[in-house]
Structure formats: C-alpha cells, structure tokens
Amino acid sequence: MKQVFLLGDSIRMGNQGTTGYEPFLRQKSLGAWVCHSPQENCQFAQYALRHVHQWAEDCPAGEIDLVIFNCGLWDVLRMFGDDPLTPPEVYDLMLRRLVARLRLLFPRAALLFLTSTPTVEARYTGPSRRTNDDIRQYNAIARSVMEELGVAVLDLFAVARDFPLAWRHDHVHYTDAGSQALADAIFAAGTAILNTGE
C-alpha cells in the first residue's frame, strides 16, 4: 500500500461540528493508501512551515510516497478590516520554502498541492471574513509557484465552485456530501500521480 501524508486546514479535518474530507478520503483509499496527518489544523503557510518537521516525526517520513498539502484559507483571512493575514509576496515565499521543506522531510514523496476552496461571502458575520477575489488571487500565486517548482496541482476551487448550497455547512466548511465530493476528487488526482510513479 502507498503511504500518504495529508497537510491542510479545517477543510481537511473538519471544524465546529463538520467533517472534513480526510475521513472520507481514508475510507475511499482503504486498502490502497495508508494515510498519515497532523492531529491539528495546519492553518496558514508560515505556520505549516514552522511545524511540519514536528508533524513528520509522527509518521514514517522516509517511506511517504505522496504528500497532499494545502495552505491558503487562513492566509487570505481579513480581520477587523485589515489586509489578508499573509501578504501576497509572503505567501509566495512561504509556499516556496514549504515545498523545499516537504522535499527535505519526505525525500521519496511526490507532491500534490490543493488550491483553496471558495467561500460563501454572504454568510460572514463579525470582524473576520474572506473574499473569493482574494482566494482566486492567492490560488493563482500558488499555481504559479507550483508550476515553477514542478509540483502537481488539483484545483479544488474549481471542484467546489458549483457545489449546491446544501453542501455548504457555513461560509467555508462543507457538509458530509461536500466533503465526500472533495475526497473523491483528491483520491482520483492522488491515484493518478502514484500510478505514474510505478
């Protein structure tokens, strides 16, 4: 079986009573993949860069065949009318450093980056919000970085863009149906990458 490491935010692991795509991905890949992941939200790109070596200690890092990773929704978060948490140029830099760190820690692994999923802007209340324009901008930065560095990309924004509203739990998280659909797309993309390496 293939060894797979999952790095991502609450779209992966769920939050506030929601189930992320990870449990559905584990179920779908049963018998084909052994999935490993941090037991915490990997948050924004710089946070992931800071902690990934610690998360790697809890799995057979040298045996990982595929790393599936995402950072972005925390990076675009605007709080109290401020600019996004991570400035665009810093997001670019942190993704480059994160790719280098992943390649160091997981030397035999292929990499698959997931773009950030869209948000439902009308559902935001309070001082924090995300915009789809920001998400598109940061996804474009990520695609450019990954293309330059030779990292495969799955456009989860495109996958989720036309999901029915009933598949959205709130402004950013998904119901089980939405998370299952994300897991299906991720499994297909990951399987294609792993098959090309055989």
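You'll find the protein entered in an unreviewed UniProt entry as SGNH/GDSL hydrolase family protein, with Candidatus Avoscillospira avicola given as the organism.

Asks: So what's going on with the overall build of the protein? Which residues, and what values?
Replies: Scanning the protein for helices and strands turns up 7 helices and 7 strands. Whereas a compact globule of 198 residues would reach a radius of gyration of roughly 16 Å, the protein reaches 16 Å, a difference of no more than 12%. For the protein, the share of sequence-separated contacts (at least 6 apart) that also reach a separation of at least 24 residues comes to 78%. When the accessible area of the protein is evaluated, it comes to approximately 8900 Å², of which 52% is carbon and sulfur surface.

Asks: Explain the sheet that holds strand β1 (residues 2-7) to me, using residue names and the numbers behind them.
Replies: Pairing is parallel in the open sheet, where 5 strands are placed in the order β2-β1-β3-β5-β7. Both edges of this open sheet fall to β2 (33-36) and β7 (152-154), since each of them pairs with a single strand only. Going across the sheet, the axis of each strand differs from the next one's by a mean of 25 degrees, ignoring polarity. Note: β1 against strand β3 (residues 66-69), 4 bridges, orientation parallel. Across the sheet, L6 pairs through a bridge with I68, a residue of β3.

Asks: Any chance you could break down the nonpolar core for me, citing the residues and the numbers?
Replies: By size, the foremost hydrophobic cluster in this structure holds 64 residues, and its most contacted members are L7, V67, I68, F69, L102 and F106. Element by element, the count of residues in this core is highest for helix α7 (residues 176-196), at 9 residues. Residue contacts for V67: discarding those within four places in its chain leaves F5, L102, F106, A109, A110, L111 and L112.

Thresholds applied
- Residues numbered from 1 in each chain as written.
- Predicted model: local features only at pLDDT ≥ 70, side-chain atom pairs only at ≥ 80, totals over all residues.
- Heavy atoms only, no water.
- Helix = DSSP H or I, 4+ residues; strand = E, 2+ residues; numbered from the N terminus.
- Rg over C-alpha atoms; globule rule 2.2 N^0.38 Å.
- Contact = heavy atoms within 4.5 Å.
- Areas by Shrake-Rupley, 256 points an atom, 1.4 Å probe, with all protein chains shown as cover.
- Pairing = 2+ DSSP bridges.
- Axes fitted to C-alpha atoms, helices over the stretch in contact; angles between N-to-C directions.
- Core = buried A, V, L, I, M, F, W, Y, C linked by side-chain atoms within 4.5 Å.
- Buried < 20%, exposed > 50% of the residue type's maximum accessible area, 1.4 Å probe, protein only.

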